[in-house]
Amino acid sequence: MADSVVMGSGSLNSGSRSGSSKTSTSPTDNYQLARRRTLQVVVSSLLTECGFESAEKAAMETLTEMMQSYITEVGRCAKATCEHTARSTPTLSDVVITLVEMGFNVDTLPVYAKRSQRMVITAPPITNASVVPKALIAGQKRTHPTYIPSHFPEFPDPHTYIKTPTFREPVSDYQVVREKAASQRRDVERALTRFMAKTGETESLFKDDISAFPLIAAKPSAIPYLSALLPSELELQTLEETDSSEQDDQTDTENNSSNVSQDDQTDTENNSSNVSQDDQSADKENVVLPPGGVVPTGKANEENMIDNPYLRLVKKHKGRRKKLKFIY
Amino acid sequence: MLSYKQNPDPSGLHSRRCMNRKKDKGFEICINNINFQRKSVIGYVELTIFPTVMNLNRIKLNSKQCRIYRVRVNDLEAPFIYNDPTLEVCHHESKQRNLNYFSSAYTAAVSAVDPDAGNGELSIKVPSELWKQGDEMKVMKVYIEFSLDQPKGGLHFVVPDVDGSMAERAAHVFSFGNQNSTRFWFPCVDSYSELCTWKLEFTVDASMVAVSCGDLVETVYTHDMRKKTFHYMLPIPTAAPNISLAVGPFEILVDPYMHEVTHFCLPQLLPLLKQTMSYLHEIFEFYEEILTCRYPYSCFKTVFVDEAYVQVSSYASMSIFSTNLLHSGMIIDQTPVTRRCLAQALAQQFFGCFISRMSWSDEWVLKGISGYIYGLYLKKTFGVNEYRHWIKEELDKIVEYELKMGGVLLHPTFSGGKEKDNPTPHLHFSIRHPHTLSWEYYKMFQCKAHLVMRLIENRISMEFMLQVFNKLLSLASTASSQKYQSHMWSQMLVSTSGFLKSISNVSGKDIGPLIKQWVDQSGVVKFFGSFAFNRKRNVLELEIRQDYTSSGTQKYVGPIKVTVQELDGSFNHTLQIEENSLKHDIPCHSKSRRNKKKKIPLMNGEEVDMDLSAMDADSPLLWIRIDPDMSILRKVEFEQADFMWQYQLRFERDVVAQEEAISALEIFPTPASRLALTDILEQDQCFYKVRIQACFCLAKIANSMMSTWTGPPAMKSLFTRMFCCKSCPNIVKTNNFINFQSYFLQKTMPVAMALLRDVQNLCPKEVLNFILDLIKYNDNRKNKFSDNYYRAELIDALTNSLTPAISINNEVRTVDNLNTDVRLILEEITRFLNMEKLLPSYRNTITVSCLRAIRMLQKNGHIPSDPSLFKSYAQYGHFVDVRIAALEAVIDYTRVDRSSSELQWLLDLVQNDPVHYIRHEILSMLAKNPPFTKAADSLLCNEALVDQLWKLMNSGTCHDWRLRCDAVNLYYTLFGLTRPSCLPLPELGLVLNLKEKKAVLNPTIKSEQGPGGPERPGLTVVLAFPTQEEEDIDMDTVHDSQAFIYHHLNMLERPSTPDITLFQLFALIFTGKEPSSVEQAMLSMPGTPMPTLSKESTSSKHGDHHHHHHHHEHKKKKKKHKHKHKHKHKHESKDKDRDSHAFSNSPASGRSIRSPSLSD
C-alpha cells in the first residue's frame, strides 16, 4: 500500500535507467531496485528545485533513505489507522490523520503541490507484469457461497481439501501386512541368530553335519536369575507403547473380538486389574532405600513419617558392648 | 557373626522322660562374623536354663556341623562330648546292603539325637561346682562359642562368581532346612516344643542387611564403621526351628499399606518386588478377619533369596521365599502361583510359627489348619470354582498316592516303642521322625491334613471351626505375654488332644469317629457304584461296593450323600453305608415324561431347557452323583450311561461334577460326546479349567473316532472362530491377553490339538501346519502382557505332534534323512532356542520347552540321541528351571540308553552341586523315572552302584535330611527293601541263632524277610568271616530285621550307635578280643534274651568300645565325622569314673577344655 502511495505521488521518468536493471535475478529484487531508483530521481529533482547543482553520492543515499523511511512510515500508520476502524483499505482520511499524527501540517500540502517551479517526473514505464506461472488446475474450483463477499480469495483447488478416494482392498491389505511383518521378523531373527551362531560357540544336534541347525552354546551366567526374571528392554519398550495406547487397545478389543465377554470375569482377571492399579499407587507411596540403609537427605522428611526399623539411621558405636536394656 | 540366646522353655520338659534335662528359658545368639569369601561363620550362643530336675549334671543340646570351641556353664569351663550317630548311619564297611536294616538303623540314629526325647548330639557336663546349685534349681547360663566352615546344610551361601565387592556380587546367605534343622547352624534345643525368648545379634558388612526373627531394635556401626551389628529381640516365646537368618545386600521395600511389614530382595529386582508385593496386605486382612485375631508378631519380613531350598519357608515373623517367585506386571501365569505362595507363608505364620506343636505326631494339626485357612483364602480370592477344583485336585492326589504307596497316617501313636507296632509297615521308611520321612510322603501328609480339616468343618460348620482357631490363638497370645515362670507357655503348643478338646468345647459335637477314621487310621475309601432303575416301583436301585482290602484303602461305614438329578429336579439322599448292605433303594420323585416340554429344575434353583431325546424313555434319571461334596476321602468309580455323563457335563453347575463327567466321557467316543465337549469348550461362562480339560478329552475322543470323524480336525474351527482374524481365518489375531480365560484356552488348545492322530498314527498335516502358522503369525507388539508362556506352549504343541520315526534300519540319524515335517519343527525350535539367548523370556520358559522338544525328537528317533546338549544346560549357572528340564532329559536318556556314565554323572552332581534344590530334584526325578527297577534286570545294576548309593544315604547326605530320604527312596525304587539281587552271595555265611544258641551256615542270603516278619522267634544274625583286618569279624547281613528292632528299641532309650553295640556283641562272643573291662558285662549276654538287655550293660559297652576304637582311629586324625561313635557316655551316674575317662580321652573334649577362643 505504502508503495503504491509513493508511486502515485512521485511519478517520474526513470525509463533510461530501468534498462540496466536486468542483472538482478528475482522480480522482487527488480522491483525494489526500480523503486529506489525512482526515489533517487525524486530526491535529485527536489534538490535541483532547491537550487543544488550537484550532490555527493553519500548525501544522496542518505536523503533517499530518509524519504523512503518517511513514506514507509506514512503507509504503515495509515494502514494501522484504517484497520483500527475495521476496514482493510486505507482512505484519504487515514493518510491525513497519519500525517497529522506525524506532525505534518496538512494544510500546507495543497499549496506545496501547486508550486510553480516544480519538476514533473514522468511515470516509470509499466513493466511487463511478470508471468506468474499458472498453477495446475485440477478439477473445478468452487465458487463462493452467497454469504462470502466476492472479494475474498477464491477457493483453492479441490484436490487440496477434498479426500481422494482410493480403490485398494483393506482386507487383503491386512493379510499382506501380517504376512510381511511375520516373514520380516522371522528373517531378521534367523539372520541374527545365524550370525550369532557363526561368530560364537555352537552346539549341534547332529554329529555328521555340525552346521545344520546350529545352536548358540549355552553359557552359564554368574547371576542367572536376573536375565530370567527381569523383563527385557524390548518388552519394557513394548509395554510403554501399549500403555500409552491402552485406551485405543481396549476399544479395539471390544470391536473386533466380540467373543470376549466382559461380564464374565474370573477372579484372576479382577486381580490383574487391581494389580495394575495397585502398582501405580504403590509407586507413589513406596519407600525405597539403597541397600546401605542410609536415608537420602532430600527425602528424609517424607520417610521419617514411616516408622520402620530398617529405615532408621544406623547408630554410631558407643563404648563397649553396652548391655542392651531396651526391652519392650 | 551370629549370636543367639535361647531361653529354653521349661514346659516341654515335664513331658519328657525324666532325664537329666534342662529347661532353657532365654537364648542369646550372636554371630560376630560372616565371611562370604570363605563361607564361614563365627559366633556364640548363650542359653539360660531353668533346671526342672534335681542333680542336673548333664545338658544335651543339638548341634551339627558346628565346630565348638568352648563351653562354659555359669562362667565355668565345662567339658563336653559330641556324638552324632546320623553322620554315618551304619558303621564299618560291612556288606550289609539291605534297606530294612538301614531304615531301622537310621530311625534309631535320629531318635538318639531327638530333642523331643531329651537327646542331643552335644552333651555338656555341668561342672561339679554347680551341682549343688542345680539341686537348688537355680538358673544356669550355658555359653557356647562355635564356628561353621563351609556349611553343607543349615546355612546356604550364594556367592556369584563375578568381580566386585560381595555386595556388588549380590552375595547372600540364608538359613534353611527340612523341619527342625536349626542345629545345623547353631547349637540349640532343636525342638518345636522348646519355646524361649530370643535375642539375636548379627554383625555384617556395612553394605549388607541382616534380616532375622523379631524386632530390629537397633543397628550399630562397629568401631571402624565397616560393619554393622543388627540387634534383634524376639519377646514372643519361639522354638529354635522357627529361627532364621538372611544376610545380603538386599534392597528394602517398606510395604506401602502396612509399614510394619518390610520386604527384601536382591539388587536390581526392586521393581519386581513392588509388583509382587502389591497385594500382600489383602492376604493379611483376610486372615486377620476370619481368625478375628491380629497378626501375632509386631512385624513381618519377607526375604527373596536365590537358590532357595524350598519355594516358601516360614519362620517366626519372617518368611524366606525363592527369588523366582518375583514377577513383573506383564506376567500372567506366575501371578496366581506367587499369590498362593504368599498366602501359604502367611497362614503358617499363625499356625506353625506362632503356635507350635507339642510333638511330631501333632504336626498334622498345624499343617491342617494352615492349609485349611489357606484354602479359605483361595476361595475368597480365586472364587468358588477354583476352590472346588483345588479340593478335587488335592483329593485325587492323596487318593492316588495312598492307593499306590499305601496309607498316609496323620497321627501316628507309638505305644511303647515296639517296632511290632509300627503303624505303617507298608512304608520303606519310618514315620517316627520328620527326618526319616520321604519328601513325597510329607507333601501328601500336608495335603491330607488340610482335607481332613475340611471334613471337620463339614461336620461342625465353618463358624465353629473359626472359633476354635480363634480360641487357640487367643490362648496362645495371652500365654506369650507371660513370663516363663508362669508355666503358661505350653498354651502356645498345639496338641491333637488339645485341639480335639477345643472342638468339642466350642461345637459340642463329637467328632471322635471322624478323627478315628481319618486321623488315627491311614488309607482312603474306594467306592464302586452302579445302579439300575426299577420302573415298576419307580425306584433307583443303587449299589455301592467298597474295596477295602488293597493297600492304602480302608473300610468306610457311615453316611454318604447321593444326589440324583431327575426330570422334576435334583434330590439329595443320605444313605447309610453299613457292614453288609450294598444295595440302596432310592425312591424317585418323577415319572418319566419326556414329552412334556417343561423346564428342568437344577440343584441351584436354575431351570433349564434340555433336549431329552438322548435319554432312556423309561427312566426319569438324568444323572447321579455319589458324595458330591467330597466329604469322604475317597475315590468313586461310578457307572452310568454316556448320555447321563453328557447331561451332567452340560447341565450340572458344579465344576467337580463337570470334571468327573469329562474324565468319564473319555471311554465314550461318540458324536454325542463330541458335541457335549465342544459345547462346553465354547461356553464362556464355563470355568476355564473345565474347558481346558475338555480340550484334552476331545483330542482323545477324536483319536478313538478317527475312522468316523467328519469335518476339520477337532478344535480347529473353534480356535479359528475364537482367536483368528475374521477376514483371513488362517492368521491368528495379534495377541491380546486381557481376558485371562481366553488366554488360557488359547494357550491350551494347540497343545491338545497336537495330540490328534490320523489313520497312520501321525499328527495330521493340517494340524501341524496350523501350529506352525500360529508360531509364524504370533505378534505380541500390541499386548500389555508377555507371551512367553504362550510361545512355550506352542513349542509344547510341536513336541506333542511328534511321533516315532519310521526307521528302516537302525542307522544313525543324519541331517539328510530328516523328515520334512520334522525339519520344519526343528527349525522353529532352533530359532526359538537361539533367540532366547538374545532375548531371554521370563523364567526361560521357552528354553525349557525347547529342551523338552529336543529330547522328544531324540527319543522318537528323529535326531541322534545325545545327552551332551542337556548336560551343558544342566550346569550350575543356568536358571534353575532350565537346569531341571535339562536334568530331566539326561535322566530320561539314562533310562532309555541305559547309560552308566550318565548315571554316574548325575550321582556326582547329587554330591557336588551347590544348589540343594537341584540335588533333591535329581534324586526324586531318578526315583520317578528310574534307570531300572527292582523288578527288571539291568546292566546298570551292579555292585559299585549299590555301594555308591549306599554310601550316599549312609553318610554322603548327612547334612540334608531331605536329601537323605530322597536317596533312601531311590535305593528303594532300584533295589527294593531287601539285599540287592546284583550283589554276590557272601562267600561264607554263618547264621547265628542267639536264642537257640547255635550257628548254622547261611544257605540263602537272598531269602530276606520283609519288614513284616515279627513272628519269627529269636534273633538270627548272619556273619561272614572274610579275611579282614583288625576288627576281624565283620557283620555282614542281619538276616532278621527283628534283631535290630529289639536293639533299636533299646537304643531309643539312650543315644547310641546301634551297630556298635551289635558289633561288640559279636566280637565278644566269637573272638573275645574286646577289652577286658567290658567282658564282665558282655558275658552275661548270650544267655540273656535280647529284649531284656539292660541299659546299663549296653551303655557300658559303649564306653569301652570307645577306647578300642580310639586306638586305631587316632592315627587317622579326626575328620569330623570320625568322632561320632567315639564319644559315648551313659546316663547312669554310677559310672562316673569311667565317664570322666571317656571325656578326657575324646579328641573333642580334649580340645574343648582349654582351646583358645577364636571369637573376639
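Residues numbered from 1 in each chain as written. Chains lettered and ligands numbered in written order. Predicted model: local features only at pLDDT ≥ 70, side-chain atom pairs only at ≥ 80, totals over all residues. Heavy atoms only, no water.

Visitor: Would you take a moment to explain the overall build of chain A for this structure?
Guide: When helices and strands are counted, chain A shows 12 helices and three strands. When burial is assessed residue by residue, chain A has 26% of its 328 residues classed as buried. The contacts in chain A between residues at least 6 apart in sequence include a share of 42% that link residues at least 24 apart. As displayed, chain A has an accessible area near 23,200 Å², and 58% of this comes from carbon and sulfur atoms. (Helix = DSSP H or I, 4+ residues; strand = E, 2+ residues; numbered from the N terminus. Buried < 20%, exposed > 50% of the residue type's maximum accessible area, 1.4 Å probe, protein only. Contact = heavy atoms within 4.5 Å. Areas by Shrake-Rupley, 256 points an atom, 1.4 Å probe, with all protein chains shown as cover.)

Visitor: Is there a simple way to think about the environment of B:Ile918 in this case?
Guide: All names here are of chain B. Along the polypeptide, isoleucine 918 turns up in helix H25 (residues 916–928). Here isoleucine 918 falls in the buried class, since its relative accessible area comes to 0%. As a C-alpha pair, isoleucine 918 and valine 880 span 38 residues in sequence and 7.7 Å in three-dimensional space. Every residue in contact with isoleucine 918, bar those within four places of it in the chain, is listed here: Val880, Arg883, Ile884, Leu887 and Asp913.

Visitor: Whenever I open this one, the sheet that holds strand E27 (residues 569–577) of chain B confuses me. Can you help?
Guide: All names here are of chain B. The sheet built from three strands is open, its strands ordered E27-E26-E31 with antiparallel pairing. Looking at strand neighbours, the two that pair on one side only are E27 and strand E31 (621–626), the edges of this open sheet. Going from strand to strand, the sheet's axes swing by 20 degrees on average, the running direction of each strand aside. In terms of strand pairing, strand E26 (residues 558–566) meets E27 through nine bridges, oriented antiparallel. Within the sheet, the bridge partner assigned to valine 564 lies in E27 and is phenylalanine 571. (Pairing = 2+ DSSP bridges. Axes fitted to C-alpha atoms, helices over the stretch in contact; angles between N-to-C directions.)

Visitor: Where do I start with the packing of aromatic side chains in this structure?
Guide: The description of two aromatic rings rests on the distance between their centres and on the angle between their planes. All names here are of chain B. Taken as a whole and assessed by the stated rule, the structure comprises 54 aromatic pairs over all chains. Pairing phenylalanine 304 with phenylalanine 321 gives two aromatic rings, centres 5.0 Å apart and planes at 20 degrees, and the pair type is stacked. One end of the pair, phenylalanine 304, is in strand E19 (residues 300–305); the other, phenylalanine 321, is in strand E21 (residues 318–322), with 17 residues separating them in the sequence. By relative accessible area, which is 0% here, phenylalanine 304 ends up buried. Among the aromatic residues, ring-to-ring pairing joins Phe284, Phe286, Tyr287, Tyr295, Tyr297, Phe300, Phe350, Phe354 and Tyr377 into one connected group. (Phe/Tyr/Trp six-rings, centres within 6.5 Å; stacked < 30°, edge-to-face > 60°.)

Visitor: I tried to follow the pairing of strand E15 (residues 227–239) of chain B on my own but got confused; where do I start?
Guide: Within E15(B), 11 of the 13 residues are buried, which leaves it mostly tucked inside the rest of the structure. Between the antiparallel neighbours strand E14 (residues 215–221) of chain B and E15(B) lie five residues, among them B:Met225 with a positive phi of about 65 degrees.

Visitor: Hey, could you run me through the UniProt feature "domain: Bromodomain associated" (unreviewed entry) in chain A in this one?
Guide: Residues given the UniProt feature "domain: Bromodomain associated" (unreviewed entry) here are residues 31–108 of chain A. Taken end to end, residues 31–108 of chain A is 76% helix and 0% strand, and its two terminal C-alpha atoms sit 32 Å from one another. (UniProt positions renumbered as here; feature names shortened; annotations may be inferred.)

Visitor: Could you clarify how one ought to interpret the sheet that holds strand E16 (residues 245–248) of chain B in this entry?
Guide: By way of backbone hydrogen bonds, the strands of a sheet pair with one another, either parallel or antiparallel. Residues and elements named next belong to chain B. Spatial strand order, E10-E11-E16-E13: four strands in an open sheet with antiparallel pairing. Each edge of the open sheet carries a strand with a single partner, namely strand E10 (155–158) and strand E13 (209–212). Strand-to-strand, the axes of this sheet are offset by a mean angle of 10 degrees, without reference to chain direction.

Visitor: Whenever I open this one, helix H5 (residues 92–101) of chain A confuses me. Can you help?
Guide: Working note: α-helix, 3.6 residues per turn, so residues spaced by three or four point in the same direction. Residue and element names in this part refer to chain A. Along H5, the residues classified as buried are Asp94, Thr98 and Leu99. Looking straight down H5, one finds its buried side chains confined to an arc of 130 degrees; they lie on one side. Of the residues flanking the end of H5, it is glycine 103, one or two places downstream, whose phi is positive at about 85 degrees. (Arc of directions from axis to C-beta.)

Visitor: I keep staring at a nonpolar patch on the surface and nothing clicks. Help me out?
Guide: Together, A:Tyr70, A:Phe104, A:Leu109 and A:Tyr112 make up an exposed nonpolar region whose accessible area comes to about 360 Å². Along the chain, the position of A:Tyr112 falls in helix H6 (residues 108–113). (Patch = residues over 30% accessible without salt bridge, like charges linked within 9 Å, V, L, I, M, F, W, Y side chains within 5 Å. Salt bridge = Lys/Arg side-chain N within 4 Å of Asp/Glu carboxyl O.)

Visitor: What exactly am I supposed to notice about the interface of chain A and chain B here?
Guide: You'll often see interface size given as the accessible area lost when the parts meet. Listed by partner, the interface residues are 96 residues for chain A and 126 residues for chain B. Here chain A packs against chain B, burying approximately 9,700 Å² in sum over the two surfaces, 59% of which is carbon and sulfur. Of all residues in chain A, the largest losses of buried area upon contact with chain B belong to A:Tyr225, A:Leu229 and A:Tyr310, amounting jointly to 8% of the total for that side. Between the two partners, chain A and chain B, sit four salt bridges. Ionic pairing is found between B:Glu218 and A:Lys315, a salt bridge with its closest N-O pair at 2.6 Å. Here chain A and chain B share 19 residue pairs in polar contact (both at pLDDT 80 or more) between them. (Buried area = accessible area lost by both parts, 1.4 Å probe. Polar contact = N/O pair within 3.5 Å; in protein donor to acceptor, adjacent residues only side chain to side chain.)

Visitor: Just to check I follow, could you spell out helix H27 (residues 961–975) of chain B for this structure?
Guide: All names here are of chain B. For H27, with 15 residues, the first-to-last C-alpha span of 21 Å sits near the 21 Å given by 1.5 Å per residue. Taken across its 15 residues, H27 has 14 buried, putting it largely inside the fold. One or two steps after H27, the chain reaches glycine 976, where phi turns positive at roughly 80 degrees. (Expected span 1.5 Å × (residues − 1).)

Visitor: Please clarify how the nonpolar core should be interpreted in this entry.
Guide: Generally speaking, a soluble globular protein has its nonpolar side chains buried in company with each other. All names here are of chain B. With 359 residues, the main nonpolar core has Ile124, Tyr287, Phe351, Trp364, Ile456 and Phe499 as its most contacted residues. The leading source of residues in this core is helix H7 (residues 363–405), at 18 residues. Those residues in contact with phenylalanine 351 that lie beyond four places of it in its chain are Leu291, Leu366, Ile369, Ser370, Ile373, Phe469, Leu472 and Leu473. (Core = buried A, V, L, I, M, F, W, Y, C linked by side-chain atoms within 4.5 Å.)

Visitor: Please explain the pattern of salt bridges as it appears in this structure.
Guide: Opposite charge on two side chains lets them pair, provided their charged atoms get close. Within this structure, the stated rule accounts for 57 salt bridges over all chains. A:Glu179 is paired through a salt bridge with B:Lys776; the nearest N and O atoms lie 3.0 Å apart. With A:Glu179 in helix H7 (residues 170–199) and B:Lys776 in helix H18 (residues 765–777), this pair bridges two chains. Classification of A:Glu179 by relative accessible area gives partly exposed; the value is 28%. Residue B:Lys747 pairs with B:Asp333 through a salt bridge whose shortest N-O separation is 2.4 Å. Taken as a pair, B:Lys747 in helix H17 (residues 740–753) and B:Asp333 in the loop between E21 and helix H6 (334–350) lie far apart in primary sequence, 414 residues in all.

Visitor: Would you explain the packing of helix H15 (residues 688–704) of chain B against H17(B) in this entry?
Guide: Residue and element names in this part refer to chain B. Two elements in contact, H15 and H17, have axes whose closest approach is 9 Å; the angle formed by their N-to-C orientations is 15 degrees. Judged by the inter-axis angle, H15 sits roughly parallel to H17. For the crossing formed where H15 meets H17, the hand is right-handed. Two secondary-structure elements touch here, H15 through Tyr688, Arg691, Ile692, Cys695, Phe696 and Ala699 and H17 through Gln741, Phe744, Leu745, Thr748, Met749, Val751 and Ala752. (Parallel < 35°, antiparallel > 145°, perpendicular 65-115°, else oblique. Left-handed = near helix turned anticlockwise from the far one by under 90°.)

Visitor: So what exactly am I meant to see when it comes to the environment of A:Gly139 here?
Guide: Residue and element names in this part refer to chain A. Turning to its location among the elements, glycine 139 is positioned in the loop between H6 and H7. Take glycine 139: its relative accessible area is 53%, and that puts it in the exposed class. As for glycine 139 and aspartate 157, which are separated by 18 residues in sequence, their C-alpha atoms are 6.9 Å apart.

Visitor: Explanation requested: unusual backbone geometry in the structure shown.
Guide: Negative phi values dominate among residues other than glycine, just as trans dominates among peptide bonds. Residues and elements named next belong to chain B. In this structure, asparagine 74 is a non-glycine residue whose phi angle is positive, near 45 degrees. Turning to its location among the elements, asparagine 74 is positioned in the loop between strand E5 (67–73) and strand E6 (76–77). Of note, the phi angle at arginine 898 is positive, near 45 degrees, even though the residue is not glycine. Inspection of the secondary structure puts arginine 898 in the loop between helix H23 (880–897) and helix H24 (900–912). What makes arginine 898 exposed here is its relative accessible area of 52%.

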